[in-house]
Amino acid sequence: MGSDRQPAGLLDTLKMERVRTILTHTYPYPHEHSRHAIIAVAVGCLFFISSDNMHTLIEKLDNNIKWWSMYACLLGFFYFFSSPFIGKTIKPSYSNFSRWYIAWILVAALYHLPSFQSMGVDLRMNLSLFLTIYVSSILFLLVFHIIFLGLWYIGLVSRVAGKRPEILTILQNCAVLSIACCVFYSHCGNRAMLRKRPPERKISNWFPFFKKEERNTLLAKFLRMNELKDEVCSSWFAPVGSASDYPLLSKWVLYGELACNGSCPASSDEISPIYSLWATFIGLYIANYVVERSTGWALTHPLSVEEHEKSKKKQMKPDFLDMVPWYSGTSADLFKTVFDLLVSVTVFVGRFDMRMMQAAMSKVHDGAQGDLLYDHLSGKEDLWFDFMADTGDGGNSSYAVARLLAQPSLQLHKGDSECTLQRGDLLLVGGDLAYPNPSAFTYERRLFCPFEYALQPPPWYKKEHIAANKPELPAQVSELKQYDGPQCFVIPGNHDWFDGLQTFMRYICHKSWLGGWFMPQKKSYFALQLPQGWWVFGLDLALHCDIDVYQFKFFSQLIKEKVGESDSVIIMTHEPNWLLDWYWNDISGKNVSHLICDYLRGRCKLRIAGDLHHYMRHSYVPLEGPSHVQQNDGPVHVPHLLVNGCGGAFLHPTHVFRNFNKLHGTTYECKAAYPSFEDSSRIALGNILKFRKKNWQFDFIGGIIYFILVFSNFPQCKLGHILQDDSFSGHLRSFFGTVWNAFLYVVEQSYVSLAGSVLLLITAICFVPSKVSRKKQLIIGILHVLAHLAAALILMLLLELGLETCIQHKLLATSGYHSLYQWYRSVESEHFPDPTGLRARMEQWTFGLYPACIKYLMSAFDIPEVMAVTRSNICKKGMASLSRGGAVIYYASVFLYFWVFSTPVVSLVFGSYLYICINWLHIHFDEAFSSLRIANYKAFTRFHITCDGDLEVFTLAVDKVPKEWRLDPDWDEEGKQPQQLSHHRNYPSKWSAAAGHQDPVNTVRIVDHFVIKGKDQSDPVSCDGSVSR
């Protein structure tokens, strides 16, 4: 933000920049000044409120039960609305918007209610005073900064002064300054001199410790802090003097009111203490700013260069993206995802297939397609390789898995012993590389960024480089067999196909490095020949859930020509069609099944897939004993089925799939599930408790839907019968009777609300998965919509009852529009005398902008009054008497409050719907867990082909993913050579968990372990050490 211009001024010739120290913050005016001021103001508020109002609060509590109930209801809704934003900053700026929005309409509601006034706090005066001082402070400081920048431009101050101030910092300081002045006014007043001490307060007779004879107790002394407060007001904040003491400033000050009984002999010529306080704060700001910008020294403690560098490293954090907000109503990425999906299904499926183009462009060598078959690893004696899928969601979870994959080795406990698992020479990625849609941004930030932090690419790597002739090996390596670093092969998932595979081809098939993993792959499907007769077939199912005819031709020919009768094959696909077909009662992947059953004929020892973001393994277990009857109709085509989509995306449930047990006529048994079925069911409860906290961007949709559902019911003019009932049961009967009448009005007479209800009903019915029958879809959809409609009508009636109560007690609908500004102008001259006409001059010099800004700022806090006045006019004269502009203002005012009330409730109702569906009906497994955005429970599978030809399978998992990272000191201190590849380093990952005990390297554990026998061994499973959680 700073300017680069460097004028040759007087201070530049003195080289004043040499004395400038390094500041701890990058902001020209450090934020901790405001933070310290906020703390001081908060402490002052607590002191004054406790000293002034403790007695009054206790005395008035029993007389204001109705109003305290209204306060509890109002503050409860506002708390639940703002709860997702408490204690943290959410990007984008919706969080900050919500905080300001809540503060705005909450204050606008509170200052109309009577309880604060009965406690001695006049919110109208405080609010109007705050806005006046706030606008004045902003205008004054803007003029000051313009003058200061002008002095810098002509060279009268040092170069560092040319950095422009942060506008938000100025606004924040002005807000703190204004609050401090309002606190002082509320509890000390604007009296120039205290002519007479205020009368002693009454002591409540509620409790015995308030009696006179017991006032010496510690609690009584605390409750009588008002005496100390009076002393503070009369001594510390005493007036600085009269205008005659400062003749040059006599025309530029505001005056204080006299505190005297009856009429005063003359108007006060004493400077207002509030004005003195305001001028002191403004002076401190200007003094600190001038000194800081002129010399580089600030009120904060300066650091040396060495300390600054150490502090900078400690504060370094990775800029990871959060989990994708699938229920966001404001995310452009999600709307683009929906559009891309529609285009892909409409245009590409059945019409254009990138796999056909790849087959046409493939080169043929010796009858096998050289771009698809890789046999450079087959000569090894043994091999470690890894499998993961569904990464590229949250940065924390993706990096946690990538950090484990990058470690040279992992020390783990297996039972009572320890084992060491070497880093995989090969990494297989099972699709869905970035969410929610494939784009340059999502691939770079959600996929490449975490992997590059985990294992850095070579020094010569350039992000913009396109690999035209793969494999592009390092300079010292002549052929792929000689490369000793980790390699990576990837198949696309359904999310990668949303743009017709364009981004996948650009970033995977035409780039050589995924972090420190070398990518020789040229096409979206491939075959890998591994040691000891093992093979991996990576299939591309696209959006068809099946391979195309060209893939089938390639793999069938490969099986005939290359795969031996005793070889073992691992089939890798993105979708686990054995689980999804069972769940949806469907049949897909017919070409894949044909390839496995009729060509491989028992040589497929393992199928691995992702797509479902959990870990499950089903294994064939032969029945033993003479009393058992063989239940299988034919040979066992695939002994093991493994799903592991825990590479970084949100968690999926496991308990929904617990009843799967058969594929190709073979019976299977679930050997491991992560998380366990019990934990999976328990996690679903988060939809009720945490839906809005996890999906705060759903507010935009939910609030609008509820407002449309009750739009036609505003206003409710006949509510007196609810308030007139004597018993609580009578109130409830009248209340719910009115809700029923409102529902009948929606069905019989309304247009907007009925149309919204019908559209919501159609959407809800279509939202129910086709897994259930049409009849159940209809019933579930109707019950879902009725729950939302009932909640919306109840909220509407609560809002109308609040307005009706305030109108009956003449708290609203009494003053009309601009009521706060009109009231302030009526009392302004009394409390802030201006005999010299300072305010008139400010109005003249600002061409009327100063009073106009104050007027319309105050009008923004008159929303309840606008609602009440318009509502009363409609009830008396009918809706036809309202102009179009008046109708817009009325409904906009109602929406501002109804949105706050409705958003927590719509999230609660929808979250409860998802919980019931996932745990009782076993539907919506995707929708119910994507809403939770769970970054924990991450896993990958590590394979080891032994020298004996066996395949050891370890599934490693991390239960809790760290949220805070720091620069890894081991990585930072390890010596680096200029051309050294990162996989040769002992500590390859840049970031480690801020809390060492939470680092994935320290918390990773084995959740499943089994062995698949290789050649010439009849028993496919030698041991099973599965562990589930």
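Residues numbered from 1 in each chain as written. Predicted model: local features only at pLDDT ≥ 70, side-chain atom pairs only at ≥ 80, totals over all residues. Heavy atoms only, no water.

A. Inspection of the nonpolar core at higher detail. One finds Phe-385, Leu-530, Phe-537, Tyr-706, Phe-714 and Leu-951 to be the most contacted residues of the largest nonpolar core, which totals 188 residues. With 19 residues, helix 31 (residues 884–921) is the single largest residue contributor to this core. Once residues lying within four places of it in the same chain are set aside, the contact partners of Leu-951 are Phe-385, Trp-534, Ile-570, Leu-606, Phe-943, His-944, Ile-945, Phe-1010, Val-1011 and Ile-1012. Ranked by size, the runner-up nonpolar core spans 56 residues in total, among them Tyr-399, Ala-402, Phe-448 and Phe-504. (Core = buried A, V, L, I, M, F, W, Y, C linked by side-chain atoms within 4.5 Å. Buried < 20%, exposed > 50% of the residue type's maximum accessible area, 1.4 Å probe, protein only. Helix = DSSP H or I, 4+ residues; strand = E, 2+ residues; numbered from the N terminus. Contact = heavy atoms within 4.5 Å.)

B. How the structure looks around the pairing of strand 17 (residues 615–620). With six of six residues buried, strand 17 is to be regarded as a mostly interior element. Of the two faces of strand 17, the one lined by Tyr-615, Arg-617 and Ser-619 and the one lined by Met-616, His-618 and Tyr-620 are each fully buried. Here six bridges tie strand 17 to strand 20 (residues 666–674), and the two strands are oriented antiparallel to one another. Bridge assignment links Tyr-615 to a residue of strand 20, and that residue is Tyr-674. (Pairing = 2+ DSSP bridges.)

C. How the structure looks around a nonpolar patch on the surface. Residues Phe-700, Ile-701, Ile-704, Ile-708, Tyr-751 and Val-752 make up a contiguous nonpolar surface patch of roughly 550 Å² in combined accessible area. Within the secondary structure layout, Ile-708 lies in helix 22 (residues 699–710). (Patch = residues over 30% accessible without salt bridge, like charges linked within 9 Å, V, L, I, M, F, W, Y side chains within 5 Å. Areas by Shrake-Rupley, 256 points an atom, 1.4 Å probe, with all protein chains shown as cover. Salt bridge = Lys/Arg side-chain N within 4 Å of Asp/Glu carboxyl O.)

D. Looking closely at the sheet that holds strand 15 (residues 568–572). The sheet built from nine strands is open, its strands ordered 5-13-14-15-16-18-17-20-19 with mixed pairing. The open sheet has two free edges, formed respectively by strand 5 (373–374) and strand 19 (662–663), since each of these has just one partner strand. Alignment of strand 5 against strand 13 (residues 526–529), held across two bridges, turns out to be parallel. Of the residues in strand 13, the one forming a bridge with Leu-373 is Ala-527. The strands that helix 19 (residues 590–600) touches are strand 14 (534–538), strand 15 and strand 16 (604–609); relative to strand 16, the one it contacts most, it runs at about 165°. (Axes fitted to C-alpha atoms, helices over the stretch in contact; angles between N-to-C directions.)

E. Representation of the pattern of salt bridges within the structure. Evaluation of the coordinates by the stated rule reveals 16 salt bridges. A salt bridge links Asp-1008 to Arg-617, with the shortest nitrogen-to-oxygen separation between them at 2.7 Å. Residue Asp-1008 is located in strand 25 (residues 1005–1012), and its partner Arg-617 is located in strand 17; the two are separated by 391 residues in the primary sequence. An identical accessibility class is assigned to Asp-1008 and Arg-617; each is buried. Salt-bridge contacts for Lys-671 lead to Glu-669; the nearest nitrogen and oxygen are separated by 3.7 Å. The exposure class of Lys-671 is partly exposed, given its relative accessible area of 23%.

F. Up close: the pairing of strand 25. In terms of burial, strand 25 is a largely internal element, seven of the eight residues being buried. Pairing geometry for strand 22 (residues 951–958) and strand 25, over seven bridges, is antiparallel. Note that in strand 25 the partner of Ala-957 across the bridge is Arg-1005.

G. Representation of helix 25 (residues 752–767) in the model. Compared with the 22 Å implied by 1.5 Å per residue over 16 residues, the 22 Å span of helix 25 between its first and last C-alpha is a close match. Those residues of helix 25 that are buried are in contact with helix 22, helix 24 (728–748) and helix 26 (774–808). (Expected span 1.5 Å × (residues − 1).)

H. Expanded view of the packing of aromatic side chains. The tally for this structure, following the rule as stated, stands at 50 aromatic pairs. Consider the rings of Phe-140 and Trp-278, whose centres lie 5.7 Å apart with planes at 75°: the pair is edge-to-face. With a gap of 138 residues between them, Phe-140 in helix 6 (residues 123–153) and Trp-278 in helix 10 (residues 273–295) connect regions that are remote in the sequence. Residue class for Phe-140 comes out partly exposed when judged on its relative accessible area of 39%. The class for Trp-278 is buried, based on a relative accessible area of 16%. Relative to Phe-698, the ring of Tyr-327 lies with its centre 6.1 Å away and its plane at 85°, an arrangement referred to as edge-to-face. With a gap of 371 residues between them, Tyr-327 in the loop between helix 11 (305–315) and helix 12 (332–348) and Phe-698 in the loop between helix 21 (686–694) and helix 22 connect regions that are remote in the sequence. An identical accessibility class is assigned to Tyr-327 and Phe-698; each is buried. Among the aromatic residues, ring-to-ring pairing joins Phe-707, Phe-711, Phe-714, Tyr-890, Tyr-891, Phe-895, Phe-898 and Trp-899 into one connected group. (Phe/Tyr/Trp six-rings, centres within 6.5 Å; stacked < 30°, edge-to-face > 60°.)

I. Quick look at the state of the cysteines. Per the counting criterion, the structure on display carries one disulfide. Linked covalently through their sulfurs, Cys-717 and Cys-875 form a disulfide whose S-S length is 2.0 Å. Classification of the bridge connecting Cys-717 and Cys-875 rests on its S-S torsion, roughly -85°, and on that basis the disulfide is left-handed. One end of the pair, Cys-717, is in the loop between helix 22 and helix 23 (720–724); the other, Cys-875, is in helix 30 (residues 863–877), with 158 residues separating them in the sequence. (Disulfide = S-S within 2.5 Å.)

J. Spotlight on the side chain of Ser-398. Looking at the element boundaries, Ser-398 is found in helix 14 (residues 395–406). Taking the relative accessible area as the measure of exposure, Ser-398 reaches 1% and is therefore buried. A polar contact of 3.0 Å, which involves the side chain of Ser-398, links it to the backbone oxygen of Gly-394. (Polar contact = N/O pair within 3.5 Å; in protein donor to acceptor, adjacent residues only side chain to side chain.)

K. Looking closely at the side chain of Ser-902. Along the chain, Ser-902 falls in helix 31. Residue class for Ser-902 comes out buried when judged on its relative accessible area of 0%. For Ser-902, the side chain forms a polar contact with the main-chain oxygen of Trp-899, separated by 3.2 Å. Here Ser-902 is in contact with Gly-703, Tyr-706 and Leu-795, once residues within four sequence places are set aside.

L. A look at a positive patch on the surface. A contiguous patch of positive charge on the surface is contributed by Lys-690, Lys-693, Lys-960 and Lys-963. When you line up the elements, Lys-693 lands in helix 21. (Lys, Arg positive; Asp, Glu negative; His and termini not counted. Charge placed at Lys NZ, Arg CZ, Asp CG, Glu CD.)

M. A look at the confidence of the model for the protein chain. Overall, the predicted model of the protein chain reaches an average pLDDT of 80, with 75% of residues at or above 70. The model gives residues 1–34 a pLDDT under 50, and that stretch makes 70 contacts with residues more than four places away or in other chains. (pLDDT = per-residue confidence, 0-100.)

N. Here's a closer look at the environment of Ala-109. Note on placement: Ala-109 falls in helix 4 (residues 94–110). For Ala-109, a relative accessible area of 12% translates into the label buried. Ala-109 sits 788 residues away from Tyr-897 along the chain, and the two C-alpha atoms are 9.3 Å apart. Those residues within four positions of Ala-109 in sequence are excluded, and the remaining contacts are Leu-74, Pro-864 and Tyr-897.

O. Spotlight on the packing of helix 6 against helix 7 (residues 167–188). Closest axis-to-axis distance for the helix 6/helix 7 pair is 8 Å, and the angle between their directions is 140°. The angle between the axes of helix 6 and helix 7 places the two elements in the oblique class. As for how helix 6 packs across helix 7, the hand of that crossing is right-handed. Counting all contacts with helix 6, which are made through Met-125, Asn-126, Leu-129, Phe-130, Ile-133, Tyr-134, Ser-137, Ile-138, Leu-141 and His-145, the residues of helix 7 involved are Ile-170, Leu-171, Cys-174, Ala-175, Leu-177, Ser-178, Ile-179, Cys-181, Cys-182, Tyr-185 and Ser-186. Taken together, the residues of the contact of helix 6 with helix 7 sort by class into 16 nonpolar, five polar and no charged. (Parallel < 35°, antiparallel > 145°, perpendicular 65-115°, else oblique. Left-handed = near helix turned anticlockwise from the far one by under 90°. Nonpolar A, V, L, I, M, F, W, Y, C, P; charged D, E, K, R; others polar.)

P. Seen up close, the environment of Val-536. Position of Val-536 relative to the elements: it lies in strand 14. We classify Val-536 as buried; its relative accessible area is 0%. When neighbours within four sequence positions are excluded, Val-536 is seen to be in contact with Leu-428, Phe-526, Ala-527, Leu-528, Leu-530 and Ile-570.

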